[in-house]
Amino acid sequence: MLMKKGFDDLPYPKISNAIFGNMAQLRKEKINFFIQQKKVLGNIYRIKVPTRKVVVITSPEWIKYVLVDNNKNYTKSFAYDSIRLFLGNGLLTSEGDFWKRQRRLAQPAFHKEKLHLMFHNMVEQTNKCIQRLEKYADSGALFNLSDELYKLTLDIVNSTLFYNEIESTTGSIYQLVSKGSEFITQRIDNPFQLPNWVPTPHNWREKKILHSMDDVFFSIIDRRRKNKEHHEDLLSMLMEAKDEETGEGMSNKQLRDEILTIFVAGHETTQIALGWTFYLLSKNPDKLNQLNNELDAQANDSITSPSDIRGLTYLKQVIDESMRCYPPAWVMGRRTIEKDNIEGYEIPPYTNVVMPIYVVHHDESIWENPYEFEPERFAPDKLKDKHKYAYFPFGGGPRLCIGNNFAIQEMQVVLAMILQRFRVEIDSQFIPELDPLVTLRPKYPIYAKVWKRK
Ligand code: HEM
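Please read these numbers as outputs of a predicted model, since none were measured by experiment. (Residues numbered from 1 in each chain as written. Predicted model: local features only at pLDDT ≥ 70, side-chain atom pairs only at ≥ 80, totals over all residues.)

A. How the structure looks around the overall build of the protein chain. Across its full length, the protein chain carries 17 helices and 12 strands. If you line up the protein chain on its principal axes, its C-alpha atoms span 70 × 55 × 40 Å. Relative to its full complement of 454 residues, the protein chain shows a buried share of 42%. Sequence-distant contacts, at least 24 apart, represent 75% of the contacts inside the protein chain between residues at least 6 apart. (Helix = DSSP H or I, 4+ residues; strand = E, 2+ residues; numbered from the N terminus. Buried ≥ 20, exposed ≤ 12 C-beta atoms within 10 Å, placed from the backbone. Contact = placed C-beta atoms within 7 Å.)

If you want it as structure tokens, here you go:
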């Protein structure tokens with residue numbers, strides 16, 4: 001008779017400490033830990049960490065099973081408990097019927113027609129960025145490209161979804177979001193961290209950041225309420241939404257959680273993706289050449305409407321390949337509600353299922369030369385034999401990223417416009433080391449020089 005396999009039968013990495021299990025390795029090696037363990041243990045294994053049950057899966061079939069086929073048996077994993085401390089109960093972290101309702105309310109802001117309306121804002125903000133870059137052009141001077149892209153993606157979210165309400169505070173928001181990200185990662189890494197109500201110096205610093213965030217976002221909501229303004233943006237849409245049954249609008253706290261979530265989720269990921277794309281193109285001049293040929297042949301001298309980017313197929317392949325190489329959200333997690341069966345193992349309730357996107361995107365059995373930048377692999381005929389979840393930078397199932405088309409359009413506009421205008425040369429001293437916090441940031445800022453093309 002075939003023995004049923006349980007959670008304890010799952011292989012696990014060698015442990016160096018009886019109490020802390022794999023925790024030290026995990027913290028130290030981060031992505032490399034997952035890459036190594038896949039080689040040693042295969043597509044499913046558990047990790048020994050105190051106070052949590054954790055399984056890692058890396059096969060596209062089973063990732064689809066968790067995200068799509070049996071998604072009703074899953075909530076988000078422990079990592080989102082830490083994110084919730086910072087972002088509150090917004091779209092990214094809420095669950096169940098409440099999430100469903102909020103998603104229904106926010107979804108129309110991302111419909112195709114709305115994205116078309118946002119197009120000219122994206123172009124306008126990119127033009128402003130190009131003007132800022134002009135002062136470095138042909139001088140051979142290095143400038144901080146990461147910072148410029150940060151400002152640009154922030155300006156785009158701000159002008160398209162929040163009618164420029166956040167403008168005057170962008171500098172301080174950068175610091176706040178960065179610090180917040182670090183706090184979240186520390187909590188994810190450390191199951192022994194004391195709850196946030198215990199008055200430790202660390203918790204005190206965390207609270208201070210949160211209060212500053214609240215100041216920024218509550219004041220935006222206050223201003224809008226006082227002015228009684230209506231704009232065709234996400235903020236107005238959320239503020240004017242009424243509960244179908246009670247007729248009540250969203251509380252200020254709920255609005256703060258939703259707009260902070262969209263704001264944070266909506267710019268850092270895209271900024272990171274753009275930075276890595278410029279880096280990859282600079283490292284691969286033949287691919288850059290091919291892209292430039294496409295841009296020169298197809299786009300008019302200026303990009304003015306969605307139809308100007310629609311035909312740029314190689315550009316889209318470059319973007320897809322860049323997010324395969326450096327998925328801005330490098331890992332996702334879910335938690336079982338009832339017990340489940342994954343790859344023949346019985347997984348108990350309340351088990352965290354970790355899906356390291358980065359590892360799947362670099363799986364040699366799926367992708368040939370996975371560490372090479374080859375946009376050609378995203379040509380439509382090449383993708384036919386690939387599993388849908390061999391590539392999933394935006395997640396999948398009902399919780400698929402709400403901003404996926406927004407992000408793609410934004411990257412198309414920014415890359416097409418900047419590359420038409422400049423040759424972007426990444427600093428030869430740049431070391432592409434990863435700093436995988438919540439997102440896959442480069443460890444060091446990316447510096448660049450720009451040279452005018454025309
Ligand atoms: C390259 C850019 C982006 C990447 C790689 C990315 C990636 C992701 C991923 C992987 C998820 C799923 C998380 C999970 O299921 O656990 C997600 C969710 C989400 N993203 Fe994005 N994202 C990007 C851009 C954006 C933008 C531009 C916005 C908004 C303007 C946005 C807003 C959100 C929100 C609100 C969710 C939660 C959706 C829900 O659960 O209903 N993202 N994103």
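From this point on, the discussion continues.
B. Geometry of the sheet that holds strand β12 (residues 447–452). Pairing is antiparallel across the open sheet formed by 3 strands, whose spatial order is β4-β12-β9. A single partner strand is all that each edge strand has here, and the edge strands are β4 (143–144) and β9 (422–426). Relative to β12, β4 runs antiparallel, the two being bridged by 2 bridges. By the bridge assignment for β12, N144 is matched with Y447. Where helix α11 (residues 252–283) meets the sheet, its contacts fall on β9 and β12, and the angle it forms with β9 comes to roughly 90 degrees. (Pairing = 2+ DSSP bridges. Axes fitted to C-alpha atoms, helices over the stretch in contact; angles between N-to-C directions.)

C. The packing of helix α6 (residues 112–134) against helix α7 (residues 145–161), seen in detail. Relative to each other, α6 and α7 sit at 150 degrees, their axes nearing to 9 Å. Taken as axis vectors, α6 and α7 run roughly antiparallel relative to one another. Viewed along their axes, α6 and α7 form a crossing whose handedness is right-handed. Between α6 and α7, the residues in contact are M118, N121, M122, Q125, T126, C129, R132 and L133 and E148, L152, D155, I156, S159 and T160, respectively. (Parallel < 35°, antiparallel > 145°, perpendicular 65-115°, else oblique. Left-handed = near helix turned anticlockwise from the far one by under 90°.)

D. Inspection of the site of the ligand at higher detail. Around the ligand sit 24 residues, and of these G266, T269, G395, C401 and G403 come closest. Elements supplying a minimum of two residues to the shell around the ligand: α11 and α17 (404–421). Counting residues per element, the shell around the ligand draws most heavily on α11, which supplies 7 residues. Here the residues of the shell around the ligand are counted per class, giving 15 nonpolar, 6 polar and 3 charged. (Near = placed C-beta within 6 Å. Nonpolar A, V, L, I, M, F, W, Y, C, P; charged D, E, K, R; others polar.)

E. Helix α9 (residues 201–227), seen in detail. In this model α9 runs 39 Å from its N-terminal to its C-terminal C-alpha over 27 residues, within 8% of the 39 Å that 1.5 Å per residue would give. Taken residue by residue, α9 has E206, M213, F217, I220, I221 and R224 as its buried positions. Following α9 by one or two positions, K228 has its phi on the positive side, about 50 degrees. (Expected span 1.5 Å × (residues − 1).)

F. Here's a closer look at the environment of P13. With respect to the secondary-structure elements, P13 resides in the segment before α1 (23–29). For the pair P13 and K38, spaced 25 residues apart in the sequence, the C-alpha separation amounts to 9.9 Å.

G. Up close: the sheet that holds strand β3 (residues 74–76). With mixed pairing, the 5 strands of this open sheet are ordered in space as β1-β2-β8-β5-β3. Either end of the sheet is taken by a strand with one partner, and the two such strands are β1 (44–49) and β3. Across the sheet, the mean angle separating the axes of adjacent strands is 35 degrees when strand polarity is ignored. Sheet topology places β1 next to strand β2 (residues 52–57); 6 bridges connect them, and they run antiparallel.

H. The nonpolar core, seen in detail. Ranked by internal contacts, the top residues of the largest apolar core, which has 118 residues, are I357 and A416. For this core, the element with the highest residue contribution is α11, accounting for 15 residues. (Core = buried A, V, L, I, M, F, W, Y, C linked by C-beta atoms within 7 Å.)

I. Geometry of the environment of F430. Structurally, F430 is set in the loop between β9 and β10 (434–436). Separated by 18 residues in the primary sequence, F430 and A448 place their C-alpha atoms 9.1 Å from one another.

J. Spotlight on the packing of helix α12 (residues 285–298) against helix α14 (residues 313–325). Between α12 and α14, whose axes approach to 8 Å, the crossing angle comes to 145 degrees. On α14, the residues touching K287, Q290, L291 and E294 of α12 are Y314, L315 and V318. Partitioning the contact of α12 with α14 into residue classes produces 4 nonpolar, 1 polar and 2 charged.

K. Just the pairing of strand β5 (residues 332–336), in detail. Among the 5 residues in β5, 4 count as buried, and that is most of the element. Pairing of β5 with strand β8 (residues 352–355), which is carried by 4 bridges, proceeds in the antiparallel orientation. Within the sheet, the bridge partner assigned to G333 lies in β8 and is V354.

L. Up close: the environment of N32. Summarising the element assignment, N32 is placed in helix α2 (residues 31–41). On a C-alpha basis, the gap between N32 and S59 in space is 17 Å, while along the polypeptide they are 27 residues apart.

M. Examining unusual backbone geometry more closely. Even without glycine at this site, D138 takes up a positive phi of about 60 degrees. Relative to the elements of secondary structure, D138 occurs in the loop between α6 and β4. D138 gets classed as exposed once you count the C-beta atoms within 10 Å, which come to 11. Positive phi values are uncommon outside glycine, yet E343 reaches one of about 45 degrees. Within the fold, E343 resides in the loop between β6 (340–342) and β7 (345–347).

N. Fine view of the pairing of β1. With 5 of 6 residues buried, β1 is to be regarded as a mostly interior element. Two successive antiparallel strands, β1 and β2, enclose a turn made up of 2 residues, where T51 displays a positive phi of approximately 65 degrees.

Just geometry here; none of it tells us what the structure is for.
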